[in-house]
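Understanding the architecture of this molecule
The primary structure of each chain is shown beneath.
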Amino acid sequence: MPETATLASGLVAAHRPLDPAMPWIPAWRALGAAARVRNPFYEAGYALAAGGAFGAGVRLLLVADRPPEEPGARLLAAWPFRVSWRRWGVPLPLLMGWTHGYCPFGAPLLDGTDPAGALAALLAAPRALGLPPRLYWPNAPADGPLMDLLAACTPRRAAYWPHARGLLDLTAHAPEARTAYLDHLSGPRRRKLRRARALLEADGPVLFEILEVPADLEAALDSYVGLEAAGWKGRAGTGLGQRPEEVGFLRAALADLGAVGAVRVVRLRRGERTLAAAIVPVTGAEAWVLKIAHDEAQPEAAPGVQLVHRLTEAVLSGAWGIDRIDSCAPPDFALGSTFWTERRPIAHLLIEAGRDPLFPVARRLERAREGVARARLTSRTGRSAPAAPASPPRPAP
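Description of the structure in this document.

Cut-offs and rules
- Residues numbered from 1 in each chain as written.
- Predicted model: local features only at pLDDT ≥ 70, side-chain atom pairs only at ≥ 80, totals over all residues.
- Heavy atoms only, no water.
- Helix = DSSP H or I, 4+ residues; strand = E, 2+ residues; numbered from the N terminus.
- Rg over C-alpha atoms; globule rule 2.2 N^0.38 Å.
- Buried < 20%, exposed > 50% of the residue type's maximum accessible area, 1.4 Å probe, protein only.
- Contact = heavy atoms within 4.5 Å.
- Areas by Shrake-Rupley, 256 points an atom, 1.4 Å probe, with all protein chains shown as cover.
- Lys, Arg positive; Asp, Glu negative; His and termini not counted.
- Charge placed at Lys NZ, Arg CZ, Asp CG, Glu CD.
- Salt bridge = Lys/Arg side-chain N within 4 Å of Asp/Glu carboxyl O.
- 1 Å grid on protein atoms, 1.4 Å probe; cavity = no way out; pocket = protein on both sides within 12 Å on 5 of 7 lines; lining within 4 Å.
- Points joined across faces, edges and corners; volume = space filled by probe spheres on them.
- Nonpolar A, V, L, I, M, F, W, Y, C, P; charged D, E, K, R; others polar.

1. Considerations on the overall build of the protein
Scanning the protein from N- to C-terminus turns up 11 helices and 15 strands. For the protein, the C-alpha radius of gyration of 22 Å lies close to 21 Å, the compact-globule estimate for 397 residues. Each principal axis of the C-alpha distribution contributes one length, and for the protein these read about 65 × 50 × 45 Å. A total of 397 residues make up the protein; the buried ones form 52% of that total. Considering only residue pairs separated by 6 or more positions, the protein has 73% of its internal contacts joining residues 24 or more positions apart. Of the roughly 17100 Å² of accessible surface on the protein, 56% is carried by carbon and sulfur atoms. If the 47 positive side-chain charges of the protein are averaged to one point and the 38 negative ones to another, these points end up 8 Å apart.

Printed below as a string of structure tokens:
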């Protein structure tokens, strides 16, 4: 199986390990910053930090204008993956996009100046490299620019586990209209929020902070780990304090992203006590709520809810100059959607990479796998999961 191949377009396809010593890492960083669809979890600093804790068996599929190790190489596409040999219990392999508990978005990085050419080359790369011609993108955007590109490229595809997660999107709101953004909250909800804020401040003033200085980020992570250790996760033995490799990953990610202003920690603090905190990567004018933790000593004060409320108010007021926040939340998680009225459609996408006579078989097997998982979920929870679409999602108009 070759690790490098020249495509019919003249571009070069390659697959490489997640190795921070590789000479093309700066080109990966440049691609991430200029990608058509930004994905902080696949950008170099974050992905390399995650490699030690979650990267066993992960390779990076690359498209470049020359072999990536050559001086001056420019990357046009990058997508981290693992080979799954028997996902369906039969020897029909596919390339699985990298995902883990800190990676809630699966869009590949595509060159912003020619994303269509980058996507075409990415889809041509597996066959040229002797890899399975089937790609699986977990938690991919189910509308918008990436779906437009897929529709124009016309590969066969299918969507699984569709859902919509909470999104704050102010790009369509005039500045003067932003003051009314939270008017959708009902009277009872507003009264409940006021009572919770009063409870939270009964023992002293509560400060809302947006931290970005690297030294502050490191100290805030220690407080975040302490919050989890003091809560139910700590009691169950699943908190970050019991997973040192994950703490190491977050520390490395905050250091790398913090050095270039690409992450914040937002928190509520009373004196030296952190009441709630969230780790928030930033890509340009968009932020992503990676993880949130809160003090469980006074649940009626709802510090996690108060944190999201205060964060929303800060963005609406212009105190933090961003336009969008992705909640990165799983289905039926209401915290972000309580305040944010927009939604980001998400689905797992199975995509044909080049002509694949076995793609219809793979599509049916994945649908059957989804059906079994849905039945088990319904049996365990007593609630039906939302039905999957019969065909791929259409691009947004």
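On we go from here.
2. With respect to the pattern of salt bridges
Pairs can form between side chains of opposite charge once their charged atoms are near each other. Scanning the model with the defined rule gives 26 salt bridges in all. In this structure, the salt-bridge partner of Asp326 is Arg165, at a minimum N-O distance of 2.9 Å. A residue pair is termed long-range when its members are at least 10 positions apart, and Asp326 in strand 14 (residues 324–326) and Arg165 in strand 8 (residues 157–169) qualify at 161 residues. There is no split in this pair, since Asp326 and Arg165 are both buried. A salt bridge links Arg267 to Glu209, with the nearest nitrogen and oxygen atoms 2.6 Å apart. Here Glu209 lies in strand 9 (residues 207–211) and Arg267 lies in strand 10 (residues 263–270), a separation of 58 residues in the sequence. Taken individually, Arg267 and Glu209 each receive the classification buried, so the pair is uniform in this respect. One connected set of salt bridges, linked through shared partners, spans Arg165, Asp169, Glu286, Arg324, Asp326 and Arg344.

3. What about empty space enclosed by the protein?
All told, the structure shown has 1 cavity of 30 Å³ or more when counted by the stated rule. Looking at the largest cavity, its volume works out to about 40 Å³. Every residue along the wall of the largest cavity is listed here: Tyr46, Leu250, Ala253, Leu254, Leu257, Val263, Ile279, Pro281 and Leu290. Elements with a minimum of two residues in the lining of the largest cavity: helix 8 (244–258) and strand 11 (273–283). In terms of residue count, helix 8 provides more of the lining of the largest cavity than any other element does, 4 residues in total. When its residues are assigned to classes, the lining of the largest cavity shows 9 nonpolar, no polar and no charged.

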